[in-house]
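Topology and contacts: notes
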Amino acid sequence: MEIGIALPQYGTHARADRVAGFARDAEEAGFDSFWVGDRVLTPVAPSDLYPGHTPENPYPHQYKTFLDPLTVLTVAAGATSRARLGMSTLNGPWYPPALLARSLTSLDQVSGGRLDVGLGIGWLRDEYTAVGADFRKRGALLDELLDVLHGIWTQEEFGHRGPHWTIPVAHVGLRPVQPAGPPVYLGGFSPAALRRVGRRATGWVGAVLPPGAAEGLWDVARRAAEEAGRAPEALRRRIRCNPGPGATADAIAALLEGVRATGADGCFVDLQQSVDSPDEALELGVKVLGLLRG
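A brief look at the structure comes next. What you see is a predicted model; the values in this text were computed from it and never measured.

Description of the overall build of the chain
A count of helices and strands for the chain gives nine helices and 11 strands. Against the compact-globule benchmark of 19 Å for 294 residues, the chain has a radius of gyration of 19 Å, which places it among compact chains. Overall, the C-alpha framework of the chain stretches about 55 × 45 × 40 Å when taken along its three principal axes. Sorting the 294 residues of the chain into buried and exposed places 51% on the buried side.

Below you can see the structure in the form of structure tokens.
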């Protein structure tokens, strides 16, 4: 199982001056991948609560400060040569497809073909309001975005006319390094989201869930792939682990061992809610990596 770590991006870890050094040191320590998330707004009176939170504590307080995910990945790409670069997840419906395709293709080039695109639809209606996107149509927006990305990455001339976006037929000169474009992983925890994974994606960017829950969702994705004429065994899983404050290296390693036992292809640990600084996160992450690899 590949082991990754979240890059310094939010809360007290939102240190733009530490991203390059963190990525360089983490790659040298042996991490296989680096990851970012996507937040654009932390409302004073939010429309929705983060899963598991209360009105008094509506979302992790660290979310009040968030570096741009594509900028962080670009900096990490320039500082490293081997580790893959992932998103868990970029909220696809927020972005005009033509602009997102340009950014992702450029990042695939900058990284030498190391980009894994992780897309989701988010959970906070206020963020959709802030970017001018329709929360009620988020699933349809994601599907149309996937159509556009595939077209731009596989055709020399491409145009699109859909319910939400129109793109005049144009020459596509900017090409990704990876044939047919970077692998696309999809997030989400509903049966509908996992069916989309099975029909359309390279795989799933999930998270550590209660026993049995992840396996049930994965079965939904595999059945959807088979029904779509795709090979279920080709689907891949990349799982996020979010340890809380004070988590020890032994406890985190045990969580990741549990993920490995499910047959997941990769897991990454986000320590930005566990410790206060990028240096502490890297130190703890290296301890976890050592326990996992003996």
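There's more to say after this.
Details of a nonpolar patch on the surface
Together, V40, L41 and V131 make up an exposed nonpolar region whose accessible area comes to about 200 Å². Within the secondary structure, L41 is located in the loop between β2 (33-36) and α2 (69-79).

Here we look at the packing of α2 against helix α3 (residues 97-110)
Interaxial distance between α2 and α3 falls to 9 Å at its minimum, and their mutual angle equals 15 degrees. On the basis of their axis angle, the class for α2 and α3 is roughly parallel. Every pair of crossing elements has a handedness; the one defined by α2 and α3 is left-handed. Residues L70, L73, T74 and A77 of α2 form the contact with α3, whose participating residues are L100, S103, L104, L107 and V110. Tallied by class, residues from the contact of α2 with α3 come to seven nonpolar, two polar and no charged.

Overview of the side chain of R196
Structurally, R196 is set in helix α6 (residues 191-200). A distance of 3.0 Å separates polar atoms of two side chains, one belonging to R196 and the other to D143.

Brief notes about helix α5 (residues 138-154)
For α5, with 17 residues, the first-to-last C-alpha span of 24 Å sits near the 24 Å given by 1.5 Å per residue. Taken together, the buried positions of α5 are G139, L141, L142, E144, L145, L146, V148, L149, G151, I152 and W153. Tucked inside the fold, the buried residues of α5 contact α3, β5 (117-120), β6 (157-161), β7 (166-171), β8 (184-186) and α6.

Re helix α1 (residues 19-29)
When α1 is considered as a whole, its buried residues turn out to be V19, G21, F22, A23, A26 and E27. Of the surrounding elements, those touching the buried residues of α1 are β1 (2-6), β2, α2 and α9 (278-293). One or two positions beyond α1, positive phi appears at G30, with a value near 115 degrees.

Structural notes on the pairing of β1
Burial within β1 is extensive, with four of its five residues counted as buried. In terms of strand pairing, β1 meets strand β11 (residues 266-269) through four bridges, oriented parallel. Bridge pairing in β11 links G4 to F268. Looking at chain direction, β1 and β2 are connected through three bridges and run parallel. From the neighbouring strand, A6 faces β2, where its bridge partner is W35.

Examining the sheet that holds strand β3 (residues 84-87)
In spatial order, the strands read β3-β2-β1-β11-β10-β9-β8-β5-β4; together these nine strands make up an open sheet with parallel pairing. With partners counted over all chains shown, the strands left at the sheet margins are β3 and β4 (90-91), one partner each.

A few points about the packing of aromatic side chains
Summed over all chains, the structure comprises 11 aromatic pairs. One aromatic cluster is present, formed by Y10, Y50, Y63, F66 and W123 through successive ring pairs. Directly above the ring of F135 sits R138, whose terminal nitrogen or CZ lies 3.9 Å from the centroid.

With respect to the packing of α1 against α2
Direction vectors running N to C along α1 and α2 enclose 50 degrees, while the axes themselves pass 8 Å from each other. For the element pair α1 / α2, the angle class is oblique. Crossing angle aside, the handedness with which α1 passes α2 is right-handed. Together, V19, A20, A23 and R24 of α1 and V72, V75, A76 and A79 of α2 make up the contact between the two elements. Classifying every residue of the contact of α1 with α2 gives seven nonpolar, no polar and one charged.

Quick notes on the rules
Residues numbered from 1 in each chain as written. Predicted model: local features only at pLDDT ≥ 70, side-chain atom pairs only at ≥ 80, totals over all residues. Heavy atoms only, no water. Helix = DSSP H or I, 4+ residues; strand = E, 2+ residues; numbered from the N terminus. Rg over C-alpha atoms; globule rule 2.2 N^0.38 Å. Buried < 20%, exposed > 50% of the residue type's maximum accessible area, 1.4 Å probe, protein only. Patch = residues over 30% accessible without salt bridge, like charges linked within 9 Å, V, L, I, M, F, W, Y side chains within 5 Å. Areas by Shrake-Rupley, 256 points an atom, 1.4 Å probe, with all protein chains shown as cover. Salt bridge = Lys/Arg side-chain N within 4 Å of Asp/Glu carboxyl O. Axes fitted to C-alpha atoms, helices over the stretch in contact; angles between N-to-C directions. Parallel < 35°, antiparallel > 145°, perpendicular 65-115°, else oblique. Left-handed = near helix turned anticlockwise from the far one by under 90°. Contact = heavy atoms within 4.5 Å. Nonpolar A, V, L, I, M, F, W, Y, C, P; charged D, E, K, R; others polar. Polar contact = N/O pair within 3.5 Å; in protein donor to acceptor, adjacent residues only side chain to side chain. Expected span 1.5 Å × (residues − 1). Pairing = 2+ DSSP bridges. Phe/Tyr/Trp six-rings, centres within 6.5 Å; stacked < 30°, edge-to-face > 60°. Lys NZ or Arg CZ within 6 Å of the ring centre and 35° of its normal.

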